[in-house]
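For reference, the chains in residue letters:
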Amino acid sequence: MEEKHLRSTILTEVRMLVHHVKNKYPNYKFYLIGSCAMRTPNFNDYDIGILPPTSKYNKEWSYVLKNFDNKKINGKKIDAQIMPSIDKLINLNAKELNEIKNNIHFPYISEEL
């Protein structure tokens, strides 16, 4: 039970950091992805997938990412990435995912933060 409480406390810290960035950039969406999202024991970092308002690159992306630079929670780095295509993955149904599963590598997506 103590491990679940620790995980919950740590994820609360991750959410607080993301919430702070969301306040500055409300048009972006943030997702917990990767090994932490899969609840893999001893994962290396907290992966945050960021969906920008448009898929066209703009300078704002670097400002969003700077909010996660050199941030650690519980000794583990925050690895934030801009992922314009994440919305397409989220909206795929099971059949579509099954059809492309061997063609692409996509992260495990847990939840919107």
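Refer to the structure printed above.
Parameters at a glance
Residues numbered from 1 in each chain as written. Predicted model: local features only at pLDDT ≥ 70, side-chain atom pairs only at ≥ 80, totals over all residues. Heavy atoms only, no water. Helix = DSSP H or I, 4+ residues; strand = E, 2+ residues; numbered from the N terminus. Buried < 20%, exposed > 50% of the residue type's maximum accessible area, 1.4 Å probe, protein only. Contact = heavy atoms within 4.5 Å. Areas by Shrake-Rupley, 256 points an atom, 1.4 Å probe, with all protein chains shown as cover. Core = buried A, V, L, I, M, F, W, Y, C linked by side-chain atoms within 4.5 Å. Lys, Arg positive; Asp, Glu negative; His and termini not counted. Salt bridge = Lys/Arg side-chain N within 4 Å of Asp/Glu carboxyl O. Phe/Tyr/Trp six-rings, centres within 6.5 Å; stacked < 30°, edge-to-face > 60°. Lys NZ or Arg CZ within 6 Å of the ring centre and 35° of its normal. Pairing = 2+ DSSP bridges.

Asks: Just checking my understanding: could you explain the overall build of the protein chain for this structure?
Replies: Per the secondary structure count, the protein chain includes five helices and five strands. Counted from the first residue to the last, the protein chain has its helices and strands arranged as α-β-α-β-α-β-β-α-α-β. Taken across its 113 residues, the protein chain has 34% of its residues classed as buried. Across the protein chain, every contact between residues at least 6 apart in sequence was considered, and the portion connecting residues at least 24 apart equals 67%. If you sum the accessible surface of the protein chain, you get close to 7,800 Å²; carbon and sulfur atoms cover 50% of it.

Asks: Help me understand the nonpolar core, please; the structure alone is not making it clear to me.
Replies: Inside soluble globular proteins, nonpolar side chains tend to come together where they are buried. With 23 residues, the main nonpolar core has Y28, F30, Y46, I48, I50, F68 and I78 as its most contacted residues. Within the residue set of this core, elements represented by two or more residues are helix 1 (2-24), strand 1 (29-33), helix 2 (34-37), strand 2 (45-51), helix 3 (60-66) and strand 4 (76-82). Among the elements that make up this core, the one with the highest residue count is helix 1 (six residues). Dropping the residues within four chain positions of it, I78 is found in contact with V14, L17, Y46, I48, F68, K71 and I73. Listed in part, the five residues of the second largest apolar core include Y31, I33, L51 and M83.

Asks: Would you explain the side chain of K76 in this entry?
Replies: The topology assignment puts K76 in strand 4. One buried charged residue, K76, forms no salt bridge at all, with the nearest opposite charge on D45 at 8.4 Å. Filtering out sequence-adjacent residues up to four positions away, K76 remains in contact with N42, F43, N44, D45, Y46 and K71.

Asks: What is the right way to read the packing of aromatic side chains from this model?
Replies: Summed over the entire model, instances satisfying the criterion amount to four aromatic pairs. A centroid spacing of 5.9 Å and a plane angle of 80 degrees characterise the contact between Y25 and Y28, whose relative ring orientation is edge-to-face. Note on Y25: relative accessible area 15%, which makes it buried. Here K76 stacks its cationic end above the ring of F43, 4.0 Å away from the centre of that ring.

Asks: Any chance you could explain the pairing of strand 1 here in plain terms?
Replies: The two faces of a sheet get side chains in turn, since along a regular strand they alternate between them. Burial of strand 1 is extensive: four of the five residues sit out of reach of the surface. Relative to strand 2, strand 1 runs antiparallel, the two being bridged by five bridges. Considered in strand 2, the bridge of F30 is made with I50.

Asks: I tried to follow the pairing of strand 2 on my own but got confused; where do I start?
Replies: Most of strand 2 is tucked away, with seven of its seven residues classed as buried. Alternating residues of strand 2 divide into D45, D47, G49 and L51 and Y46, I48 and I50, and every residue in both groups is buried. Of the strand pairs in this sheet, strand 2 and strand 4 are connected by six bridges, and their pairing is parallel. Pairing of G49 across the sheet is with Q81, part of strand 4.

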